[in-house]
Amino acid sequence: MFARSLRIAVAMGFALLLASCSVFFGRSIDRPLVYYVRNVTVMADARIPLDLIESVDRRVSAAIAATRPPAGAERVVLLVKIDRLGFGEGARRRLAQADFTVTAVSVETGEPVAKGTFRVNGPTDDPRWARQALAEEVAARIRFAFSLTTPRVRKTLPQRTISTRLASEPPPVIVPNARVESPRAAPVVRQAPPQNSSVMAVPETAVPPPPREMAAPPVADVQTPRPAAPAQPARRAADIGQGTPVEQGAVGAIRLRPDCDPAVTPDCSTSP
């Protein structure tokens, strides 16, 4: 009888201990909760890789930004602490495993309103994707626990390669960009400082526009006349030897007799 009473007392003490922990730390996360989640902080000790912490923080932050705030919900911030990173057991001995704790803290009071401990397993053992896949599993468990929206993945459309140009058409001519000249600066009009109402306003003189630059008239090419070459003096008939050509403008004589020349020999008669 005494042993039975002792067992009942121990059970009741254990139940009271659980109830006190629940009151102190808030209710446990055993179903999806609805809060107005404002922010998230992910922390861990030096044994946890930094890229895993950054990946979880980035995914949960994107889910918070994509979630529409529920009307009248309590505003909280999430504190995520990764407690252990290792491998599973049995068939999951090659898959990564993580234990983490999520605590929802009220923004108004600063007291924890909900707390839960979770364990997730990575879906792949490929070393290239194992850590990122484990981070996605952690973020997915947090999204489900606090009713957060899964952000949409942006899809990049492939570049269109269809063209309406026929194959027989010549290729398009690509004109290089012409150098754009900087426009002339507009004249700056100085504004007069504000004057008191008691002083008579003096009409301002209109500022004349700046003079425009006139284009110079086209200049025709003027050809300078070349001086005429001086006339060459006429050579005498005696200076012109046999077989030498007579230049244009020179004075010469024609020999009619082969034995003598009447222009040179005075004894030679003009008749043969």
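Residues numbered from 1 in each chain as written. Predicted model: local features only at pLDDT ≥ 70, side-chain atom pairs only at ≥ 80, totals over all residues. Heavy atoms only, no water.

To continue, consider the pairing of strand β5 (residues 112-121). Sheet analysis places strand β4 (residues 96-106) next to β5, joined by nine bridges and oriented antiparallel. Bridge pairing in β5 links F100 to F118. (Pairing = 2+ DSSP bridges. Helix = DSSP H or I, 4+ residues; strand = E, 2+ residues; numbered from the N terminus.)

In this section: the confidence of the model for the chain. Mean pLDDT over the chain works out to 75, with 56% of the residues at or above the 70 mark. Contacts from residues 21-25, a stretch scored under 50 in pLDDT, to residues over four places away or in other chains number seven contacts. (pLDDT = per-residue confidence, 0-100. Contact = heavy atoms within 4.5 Å.)

Under the criterion given, the structure shown has two aromatic pairs. When the centroid spacing of 6.4 Å and the interplanar angle of 45° are considered together, the rings of Y35 and F146 count as tilted. Highlighted residues: Y35 in the loop between β1 (27-28) and β2 (36-44) and F146 in the segment after α3 (130-145), separated in sequence by 111 residues. Here Y35 and F146 have matching classes, each one buried. (Phe/Tyr/Trp six-rings, centres within 6.5 Å; stacked < 30°, edge-to-face > 60°. Buried < 20%, exposed > 50% of the residue type's maximum accessible area, 1.4 Å probe, protein only.)

For the rest of this paragraph, the subject is the pairing of β2. One ladder, built from eight bridges, connects β2 with strand β3 (residues 75-87); its direction is parallel. Bridge pairing in β3 places Y36 opposite R75. In this fold, β2 hands off to helix α2 (residues 50-66), which returns the chain to β3; that crossover is left-handed. (Right-handed = clockwise from strand over helix to strand, strands pointing away.)

This part takes up the packing of α2 against α3. Angle between the axes and distance between the axes are the two parameters that describe a pair of packed helices. Direction vectors running N to C along α2 and α3 enclose 40°, while the axes themselves pass 9 Å from each other. With respect to their mutual orientation, α2 and α3 come out oblique. Like other packed secondary-structure pairs, α2 and α3 cross with a definite hand, here right-handed. Residues D51, L52, S55, V56, R58, R59, V60 and A63 of α2 touch α3, and the partners they reach there are R131, Q132, L134, A135, E136, V138, A139, I142 and R143. Classifying every residue of the contact of α2 with α3 gives nine nonpolar, two polar and six charged. (Axes fitted to C-alpha atoms, helices over the stretch in contact; angles between N-to-C directions. Parallel < 35°, antiparallel > 145°, perpendicular 65-115°, else oblique. Left-handed = near helix turned anticlockwise from the far one by under 90°. Nonpolar A, V, L, I, M, F, W, Y, C, P; charged D, E, K, R; others polar.)

Here the focus is the nonpolar core. The biggest cluster of nonpolar side chains holds 33 residues, and the ones touching the most others in it are Y35, V37, F100, I142 and F146. Only β2, α2, β3, β4, β5 and α3 provide two or more residues apiece to this core. Residue contacts for I142: discarding those within four places in its chain leaves V60, L78, V80, F100, V102 and L148. (Core = buried A, V, L, I, M, F, W, Y, C linked by side-chain atoms within 4.5 Å.)

In this section: α2. At 3.6 residues per turn, the α-helix brings residues three or four places apart onto the same side. The terminal C-alpha atoms of α2 lie 25 Å apart, and with 17 residues this matches the ideal 24 Å at 1.5 Å per residue to within 8%. Those residues of α2 that sit buried are L52, I53, S55, V56, V60, A63 and I64. Take α2 and look down its axis: the buried residues cluster within an arc of 165°, on one side only. Within α2, the exposed residues directed more than 90 degrees away from the buried face are L50 and A65. Taken together, the buried residues of α2 touch β2, β3 and α3. (Expected span 1.5 Å × (residues − 1). Arc of directions from axis to C-beta.)

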